[in-house]
Amino acid sequence: MTSAETSDLTPAQQASLLTGGGFWETARAGDVAPIVLSDGPHGVRRQMQGTDHLGLHHSEPATCFPLAVAVGSSWSVEVAERVGTALARECRSLGVGVLLGPGVNIKRSPLGGRNFEYYSEDPVLTGVLAAAHVRGLQNGGVGASLKHFAANDQETDRMVISSDVDERTLREIYLAPFQHVVKNATPATVMCSYNKVNGVYASESRWLLNDVLRGDWGYEGVVVSDWGAVHDRVAALAAGLDLAMPGPGDRQTQAVLAAVEDGSIGLDQVDAAASRVTALSREYSNEPVEPFDVEQHHAIARELAADCAVLLKNDEGALPLSADSRLLVIGEFAESPRYQGGGSSHVNATQVDVPLEHIRAHASERNCEVRFERGFDTKRDDELQLRATAVAAAAEVDVDVAIVFAGNPDSEESEGYDRTRLELPSDQIALIREVAAAAPRTVVVLSNGGVVTLEGWHDEVDAVLEGFLRGQGGGAALADILFGVVNPSGHLAETIPLRLQDTPSYSTFPGEQGHVRYGEGVMVGYRHYETVDAAVRYPFGHGLSYTAFETRELVTVTTGPDTASVQVTVSNVGERRGKHVVQVYVGTEAGPVRRPVRTLGGFAKIDLDAGQTKVVSIDLDRSAFAYWDIERDGWVVASGVYEIQIGADASTVVARQHIDLRGDDLLPALSLQSSVGEWLSHPVAGPALGPLLSALLQQASDREDGSSAVAAQVAEAPVMPDVVRLMPMIQLVGVSGGAIDPNKLMALATQSVQTR
Ligand code: BGC
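Here is what the cut-offs are and how they apply
- Residues numbered from 1 in each chain as written.
- Predicted model: local features only at pLDDT ≥ 70, side-chain atom pairs only at ≥ 80, totals over all residues.
- Heavy atoms only, no water.
- Pairing = 2+ DSSP bridges.
- Helix = DSSP H or I, 4+ residues; strand = E, 2+ residues; numbered from the N terminus.
- Axes fitted to C-alpha atoms, helices over the stretch in contact; angles between N-to-C directions.
- Contact = heavy atoms within 4.5 Å.
- Near = heavy atom within 4 Å.
- Polar contact = N/O pair within 3.5 Å; in protein donor to acceptor, adjacent residues only side chain to side chain.
- Nonpolar A, V, L, I, M, F, W, Y, C, P; charged D, E, K, R; others polar.
- Expected span 1.5 Å × (residues − 1).
- Buried < 20%, exposed > 50% of the residue type's maximum accessible area, 1.4 Å probe, protein only.
- Arc of directions from axis to C-beta.
- Salt bridge = Lys/Arg side-chain N within 4 Å of Asp/Glu carboxyl O.

**Student:** It is not clear to me how the sheet that holds strand β3 (residues 143-149) should be interpreted in this structure. Could you clarify?
**Tutor:** Adjacent strands of a sheet pair through backbone hydrogen bonds, lying either parallel or antiparallel. Reading across from one edge, β1-β2-β3-β5-β8 is the order of the five strands in this open sheet, with parallel pairing throughout. The open sheet has two edge strands with one neighbour each: β1 (37-39) and β8 (222-225). Each adjacent strand pair in this sheet contributes to an overall mean axis angle of 30 degrees, direction not counted. As paired strands, strand β5 (residues 189-192) and β8 are joined by four bridges and run parallel to one another. In the strand pairing of β8, Cys192 is matched with Ser225. Along the sheet, helix α4 (residues 123-139) contacts β2 (98-100) and β3; its crossing angle with β3, the most-contacted strand, is approximately 150 degrees.

**Student:** I tried to follow unusual backbone geometry on my own but got confused; where do I start?
**Tutor:** In most cases, non-glycine residues show a negative phi, while peptide bonds are predominantly trans. Going from Gly101 to Pro102, the amide bond is cis rather than trans, its omega being 5 degrees. Considering the arrangement of structural elements, one finds Pro102 in the loop between β2 and α4. A cis amide bond links Phe509 with the next residue in sequence, Pro510, at an omega value of 0 degrees. Position of Pro510 among the secondary structure elements: in the loop between α16 (474-482) and β15 (515-517). A positive phi is found at Phe468, a non-glycine position, where the angle reads about 50 degrees. Of note, Phe468 is situated in the loop between β14 (463-466) and α16.

**Student:** Just checking my understanding: could you explain the site of the ligand for this structure?
**Tutor:** Around the ligand, the surrounding shell holds 15 residues, and the nearest of these are Asp39, Arg114, His148, Tyr194 and Asp226. One nitrogen or oxygen atom from the side chain of Arg45 is found 3.4 Å from an oxygen atom belonging to the ligand. At 2.7 Å from an oxygen atom of the ligand is found a side-chain nitrogen or oxygen belonging to His148. Of the residues assigned to the shell around the ligand, the class counts are five nonpolar, three polar and seven charged.

**Student:** I keep staring at helix α11 (residues 294-305) and nothing clicks. Help me out?
**Tutor:** Side chains three or four residues apart in an α-helix point the same way, a direct result of the helix having 3.6 residues per turn. The end-to-end C-alpha separation of α11 is 16 Å, in line with the 16 Å expected for twelve residues at 1.5 Å each. Every buried residue of α11 is accounted for by His297, His298, Ile300, Ala301, Leu304 and Ala305. Around the axis of α11, the buried residues are gathered within 155 degrees of arc, so they sit on the same side. Contacts made by the buried residues of α11 are with α3 (77-94) and α16. Here α11 starts with a cap whose side-chain oxygen sits 3.2 Å from the backbone nitrogen of Glu295, and that cap is Asp293.

**Student:** How should α4 be read in this particular structure?
**Tutor:** Its 17 residues place the ends of α4 24 Å apart at the C-alpha level, agreeing with the 24 Å of an ideal helix rising 1.5 Å per residue. Taking burial as the measure, the 17 residues of α4 include 13 buried ones, the bulk of the element. Near the N-terminus of α4, the side chain that reaches the backbone nitrogen of Val124, with its oxygen 2.8 Å away, is that of Asp122. Looking one or two residues past α4, Gly141 carries a phi angle of roughly 90 degrees, positive in sign.

**Student:** Before we go on, may I ask you to explain the pattern of salt bridges in this structure?
**Tutor:** By the definition in use, this model includes 43 salt bridges. Its salt-bridge partner being Arg114, residue Glu117 comes within 2.6 Å of it at the nearest N-O pair. By relative accessible area, which is 1% here, Glu117 ends up buried. With its nearest N and O atoms 3.2 Å apart, the salt bridge here joins Glu415 to Arg114. With Glu415 in the loop between β12 (401-407) and α15 (426-438) and Arg114 in the loop between β2 and α4, this residue pair connects regions lying 301 residues apart in the sequence.

**Student:** Would you explain the side chain of Glu121 in this entry?
**Tutor:** In this fold, Glu121 is placed in the loop between β2 and α4. A polar atom in the side chain of Glu121 sits 2.7 Å from the side chain of Thr495. With residues up to four places along the chain from it excluded, the contact list for Glu121 reads Ile106, Lys107, Ala493, Glu494, Thr495, Val524, Gly525, Tyr526 and Phe540.

None of this, on its own, says anything about what the molecule does.
Right, dumping it as structure tokens:
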């Protein structure tokens, strides 16, 4: 039987649709046109000649928008969606039907080589921003490819390693952003990753692709492989993978046909996968439309980048720069900015804003003087001379502020390998320290794809502006912030730790002997630091502004058994317009599993004029309260008390309120392995069991046949001793000398579930 989509196709044509027709396109079959897929995620890497998935060969000029690391720090749904909208226009004009992104893997370790392509260490922030990106892209007529599914959170051995993760951790942290985007934005495709998940290649994991993605989440789009992630085409098809990329793939098509022939795969499976690829080709088009407006898109890239930079430190109002400052700009990245990472996401930018030029432009409109010293050079080794000259310049009497542009060298941040250290290069640390000792004021501007530690120099400088990798308009955006033309409004989407050793995945990242064990479980990022109360340099959610905000009148109401609505009043009490992020966290001890001290439940970014006040409402749905219950194999909202917290960041709670949630109407499941205490405190089984148990135990002790010293003790004790309460019921059955019948107990357990 063939579906309507594929009714005109022969089985051979259907099978041919399941592997790419070329490096960047699907196959043509009958009247099904090839669809072009291109990287992604923050710019279009459209290759017309010379193909590769490592970002080596030429691609057509396109706008490099802020990278996910920067968009994550914007905490702005609007920024994420506008990136998607603009990308859609570029895809349409460059003949791309599906753009390979966004990436929603979690920053499990700050060393992750591709962290610049991912949003956050938090699944909620990641999921919400990625869904907005997908909406923008798909509303513009271009399909998204949500990647890399799943647990592809490092580059070391990424093509072979097994990410060994328990199911609760997978569901709550690593799958959660995928689930959010699938359910809320319906991405056209989902890209499976290279790695194995718990020993099975993602491309061959029936559990991941079929049971979770299609079954639990109801996904109906195309599952595409990462480039070269399919090892066994038939096994991958059986698991639920529709499209193996890249092509051409005659051998793979023949393997599929042979499997149909020998009955190891059904033609209906081939048809189902082919009809999804066909539907994709019918829905999206590669027909190039008119060229995008290069200047307009550059302006968008600049505007959006300004929302992303995070002002980490600003002592005594060092920033914004005052109008008559004499400035000494130092550092290679002021002149040759780092604005994107290496690998398949590398964009051939249409133009790049140079911070130094924009600083000069702002200065010339004011009464500022600007000088420049290179200070270091990531490609040369004469740094001692460069540093000495810069430090000497900083010590001169006519310098008011030194601005050091520091960051990670290009070569250290790329797809394909992880970083090996968390600090800035040692020559840059030395430069910052020496400049800070010489200049009256020192401002450090950072460019890096993953966070760096600030230890060894943070306390010596007056201000730190974390610019991350912010795309081609970021140089101008940074200058706008330095001069106060734009008020910084970014917040960290990732904790800045004091030391690598403090990071929760430290002892297991990046794994050994083919396995990486996610031993920290759900305690990822701030979930760990807050739960163990560990010191960090800057917490998740931290970010300063040139104005000040006041938060008050928190009102939380329950809107159902497992939902709530939060309302808070925010005022801009400073003298400038600015943007503020309301961060809502949830904490609870309800339920049988250990929860992080707090988890982000929702957030909103608002724009306030000086003196303005707004009331902000944020709805918290069931997912803000639920945990993954391995016994019930599902999400559970435990009934109990939940604390709703408004955080200035993940470790600074500025308002809190308790609510009671009825939660799920679930009774604890009982088995003979449950403790005696669990049996007795069970709301249905407990009352029925109590008298029965006492009577039986009394009988056992009356017999005085020595069968049960424990039973006698239990029967006589006024309060059940802990040693018995904590004992598995099966043990008590054993020592009761037959007085307690396990069959009767299990009948009672089953009956208790039915009675409620
Ligand atoms: C990367 C993907 C990318 C693909 C195509 C792979 O190596 O992991 O993110 O979309 O290549 O370039």
